[in-house]
Amino acid sequence: THTHTYTRMHACMVVGYGTSSEERVLCSLELLRCILVKATGSVWKQVAASLPPLGHCVSVLLGLLGERRGKLVWAAALETLLALSQLDSNFPSLWITGSQSVVDGCGHMAQESECRKAFVSFLPGIATGLSLFMNTESLAGQRVLMLALLCWARYVCLVFDDRVLPTEESCDKEGDDEAFRQTPKNLEQSKKNLSVLVANVGSLVGHEGWKVRKTLVLWSFSILKYCTKSLSTCLPNLLELLVTMKADSYPQVSESSQEALSVCSALLAKEESHQWLALLEERLHTLASALPRLLRQQDEARKTATLQLFVGFLEVMGPKITSLLHSHAHLCRIIQALLQTLEMDFSGLYLETLKNTQLEEKVESFDVTLHFRHFTSEKIRNLLFLTCQLLGFYGPCPLLVDHLLGVFGSSAHQRPECALLLTHVFVGMSGVGMVREEKLQGQTEGDQLLFLLEEVASVFTEPVHWDIRVKEDRRTVLLSCLMLGAIREGVRVVGVAVRDVLQTLLCPLMAKLGSQNLHISLSALRTLREVWLGCGLPSLSRMVSDNCDYLLSAVSLWLMDPSQMSVGLSVCRGVVQYGDASVLPPLRDCLCEVLLCLDLQQGPVEEVWSLLDSLSVALLRWTPVHGICNTIL
């Protein structure tokens, strides 16, 4: 009968415990485990109703873990403890999206309910004992630690499963002593204690065995999936573990972590996950507040880990980043943290004067080298850029662009960093390089993207920002390159729609193309390349020739204004350098005005001579030597 079976089960524990013979202990544990695995529902009902023998059984098993026994005894004790929770120790599923989890170990919900009620009062001792064992016996072997992690997750998820959370009304109907009931008061106290234990168990993230780390992924995910409401205070720590293990050197661990984080992100997208979202927002705000200080003080490895954590939280939030950034406090804190961490060092920029030559052969290999004050690692730089791209991919793009342009206008010393952030926000809008490139609900549409590009271009091309005069100012040169880079990425995002703003962009970009500085000219050429490709044109020469009337009309107006004469000369120089022979007829009037300015000694003489030098080179390229004079006349 089931009574006789249960009596034998309890007797096995009494006989096996305390003996010096390891073989006898192993035999007793194996016999007990077999009885538990084969037990019927009637046996489990009596087990749940007899708390003292059950408590003694749990104490004996935990006591074996506290003794200096061999790995075989520890493993057998943990297997028996798993069987006592109605989960077979040969439980096969270690996959996050599998049909089973550490919660789904038994066949009947009623049977599991009896088991849950029985272990409510024993959970503090089980969780504490297992946590202490895993921290003090870290060299126990991978299989033992894996069993301990599964056992810890099984009992916690059994008691704190969100599907069976108790209410005050349901507790009032039960007649047991409050100490042995799953009441909201008891759960609240257990939640506080478990938060400490979660942090202790999480220290296994640095364990040398990859199988232990992979099981730690399952441990974290099981609690996140099944105890979201009941253990909400533990969620940030558990997510931090998954994010950390996503960067694990073993693909078995990193892929499982990525899979778990994807499921968590999907769970977060549900409407009822407000508490979870609030905790993540608070954690992100705290991390963003400390980010500049941490990147100034930590070593490279810890800086990388901190940024990986920040990026991981953003990836888990996904589209919920929009609601986060709609909070003005969160938006300001995150943007300021990124601006401060991306503070640049301008001393390493080498200023090179542009020689009279075509730049097409240099544009492919050219890129502005950026140096930052607080880090040198390329990995850290890429993580910061990825952070900006995630904000652009998931976040409210109009709000981000408007805020960054506001900072750009109000803070002169942060303008280069603002331009760099805008560049990578535009990259994020395009979705290039993102893990999930599917169309998101509420994602910025084409018309809105075009409006954002126009807004950025209108602010950047204001004379106070665009028309630089200080030739040897590294900061100003780099700012021009970064502004051109932001416009370039914006053009790439809008694609063929750039035709609608071609005339708005063309003159300012041609002015930069005609700059005497090599960095600025090459940056402008890279941006113009995106423009002519977006317009469906084969080359810059074709675009200049098609629009030379508009460009030279603007040049004539600029030449009439002494304060804008340098801009007009730069645009004219760009037309001469990159146009073809078809620009000569409309160019004649502009050249007459330039020569008149030279006769009257008006305007920048050096730039006038540079334009005439470029013209002489262009004439040799366009027209045979014997026909030059006839062409000009």
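Cut-off values and rules
Residues numbered from 1 in each chain as written. Predicted model: local features only at pLDDT ≥ 70, side-chain atom pairs only at ≥ 80, totals over all residues. Heavy atoms only, no water. Helix = DSSP H or I, 4+ residues; strand = E, 2+ residues; numbered from the N terminus. Buried < 20%, exposed > 50% of the residue type's maximum accessible area, 1.4 Å probe, protein only. Areas by Shrake-Rupley, 256 points an atom, 1.4 Å probe, with all protein chains shown as cover. Axes fitted to C-alpha atoms, helices over the stretch in contact; angles between N-to-C directions. Parallel < 35°, antiparallel > 145°, perpendicular 65-115°, else oblique. Left-handed = near helix turned anticlockwise from the far one by under 90°. Contact = heavy atoms within 4.5 Å. Nonpolar A, V, L, I, M, F, W, Y, C, P; charged D, E, K, R; others polar. Expected span 1.5 Å × (residues − 1). Core = buried A, V, L, I, M, F, W, Y, C linked by side-chain atoms within 4.5 Å. pLDDT = per-residue confidence, 0-100. Phe/Tyr/Trp six-rings, centres within 6.5 Å; stacked < 30°, edge-to-face > 60°. Lys NZ or Arg CZ within 6 Å of the ring centre and 35° of its normal. Salt bridge = Lys/Arg side-chain N within 4 Å of Asp/Glu carboxyl O.

1. A few points about the overall build of the protein
Scanning the protein from terminus to terminus reveals 32 helices and zero strands. Per-residue burial for the protein yields a buried fraction of 55% across its 633 residues. A total accessible area of about 27600 Å² is found for the protein, and carbon and sulfur atoms account for 55% of it.

2. Concerning the packing of helix 22 (residues 446-460) against helix 24 (residues 474-494)
For the pair helix 22 and helix 24, the least separation of the axes is 9 Å and the interaxial angle reads 165°. Overall, the two elements helix 22 and helix 24 adopt an arrangement that is roughly antiparallel. By crossing handedness, the relation of helix 22 to helix 24 is classed as left-handed. Packed against helix 22, whose contacting residues are Leu 449, Leu 450, Leu 453, Ala 457 and Phe 460, the element helix 24 presents Met 483, Ala 486, Ile 487, Gly 490, Val 491, Val 493 and Val 494 at the interface. A breakdown of the residues in the contact of helix 22 with helix 24 according to their chemical character gives 11 nonpolar, one polar and no charged.

3. Side note on helix 8 (residues 142-160)
Three- or four-residue spacings in an α-helix give side chains the same orientation, since the helix completes a turn every 3.6 residues. Between its first and last C-alpha atoms helix 8 spans 27 Å; for 19 residues at 1.5 Å apiece the expected length is 27 Å, and the two agree. The buried count for helix 8 comes to 17 of 19 residues, which makes it a mostly enclosed element.

4. As for the nonpolar core
In this structure, Leu 84, Phe 119, Met 134, Trp 152, Trp 219 and Phe 460 are the most contacted members of the largest nonpolar core, which totals 208 residues. At 15 residues, the largest contribution of residues to this core is made by helix 8. Once residues within four sequence positions are removed from consideration, Trp 219 is found in contact with Leu 149, Trp 152, Ala 153, Val 198, Val 201, Gly 202, Leu 238 and Leu 241.

5. Quick look at the confidence of the model for the protein
Should pLDDT be low for a region, the predicted coordinates there are not to be read in detail. Counting all residues, the mean pLDDT for the protein is 80, and 79% of those residues have values of 70 or more. This model gives residues 89-109 a pLDDT under 50, and the stretch forms 49 contacts once residues within four places in sequence are excluded. For residues 437-442, every residue scores under 50 in pLDDT, and the model assigns this stretch 10 contacts once sequence neighbours within four places are set aside.

6. Things to note about the environment of Leu 525
Positionally, Leu 525 belongs in helix 26 (residues 518-534). Judged by relative accessible area, which is 2%, Leu 525 ranks as buried. Sequence spacing of Leu 525 and Val 363 is 162 residues, and the spatial spacing of their C-alpha atoms is 7.2 Å.

7. With respect to the packing of aromatic side chains
Here the distance between the centres and the angle between the planes together describe a pair of aromatic rings. The tally for this structure, following the rule as stated, stands at eight aromatic pairs. With a centroid separation of 5.0 Å and 70° between ring planes, the pair formed by Phe 119 and Tyr 155 is classed as edge-to-face. Here Tyr 155 lies in helix 8 and Phe 119 lies in helix 6 (residues 109-119), a separation of 36 residues in the sequence. Overall, Tyr 155 belongs to the buried group, its relative accessible area being 1%. A ring pair is formed by Phe 408 and Phe 460, whose centres lie 4.8 Å apart and whose planes are at 45°; its orientation type is tilted. Residue Phe 408 is found in helix 20 (residues 397-410), and its partner Phe 460 is found in helix 22; the two are separated by 52 residues along the sequence. Feature note: the residues Phe 119, Phe 122 and Tyr 155 constitute an aromatic cluster, connected by ring pairs. Across from the ring centre of Phe 408, 5.8 Å away, lies the NZ or CZ of Arg 415, which sits over that ring.

8. Digging into the pattern of salt bridges
Evaluation of the coordinates by the stated rule reveals 11 salt bridges. The salt bridge partner of Glu 240 is Arg 283, with a shortest N-O separation of 2.3 Å. In this pair, Glu 240 sits in helix 12 (residues 235-246) while Arg 283 sits in helix 14 (residues 274-297), placing the two residues 43 residues apart along the sequence. A residue is classified by how much of its surface remains accessible, and Arg 283, at 25% relative accessible area, is partly exposed. Taking the shortest distance from any N to any O, the salt bridge between Arg 381 and Glu 378 comes out at 3.5 Å. With Arg 381 and Glu 378 both in helix 19 (residues 378-394) and three residues apart, this pair spans about one turn of that helix. Three or more residues joined by partner-sharing salt bridges are found here, namely Glu 489, Arg 492 and Glu 530.

9. Side note on the packing of helix 7 (residues 123-136) against helix 8
As a packed pair, helix 7 and helix 8 sit with axes 10 Å apart at the nearest point and diverge in direction by 155°. The orientation of helix 7 with respect to helix 8, classified from their angle, is roughly antiparallel. Considering the relative orientation of helix 7 and helix 8, their crossing is left-handed. Within the contact between the two elements, helix 7 uses Leu 123, Ile 126, Ala 127, Leu 130, Ser 131, Phe 133 and Met 134 and helix 8 uses Val 144, Leu 145, Ala 148, Leu 149, Cys 151, Trp 152, Tyr 155, Val 156, Val 159 and Phe 160. Looking at the contact of helix 7 with helix 8, its residues break down into 16 nonpolar, one polar and no charged.

10. A short note on the environment of Arg 474
Along the chain, Arg 474 falls in helix 24. Sequence separation between Arg 474 and Ser 347 is 127 residues, and the spatial gap between their C-alpha atoms is 7.3 Å.

11. Quick notes on the environment of Cys 157
Here Cys 157 shows up in helix 8. Sequence separation between Cys 157 and Cys 227 is 70 residues; the distance between their C-alpha atoms is 6.5 Å.

12. Details of the side chain of His 403
Examined against the element boundaries, His 403 turns out to sit in helix 20. Beyond its immediate stretch of four places on either side in the chain, His 403 contacts Leu 331, Cys 332 and Ile 335.

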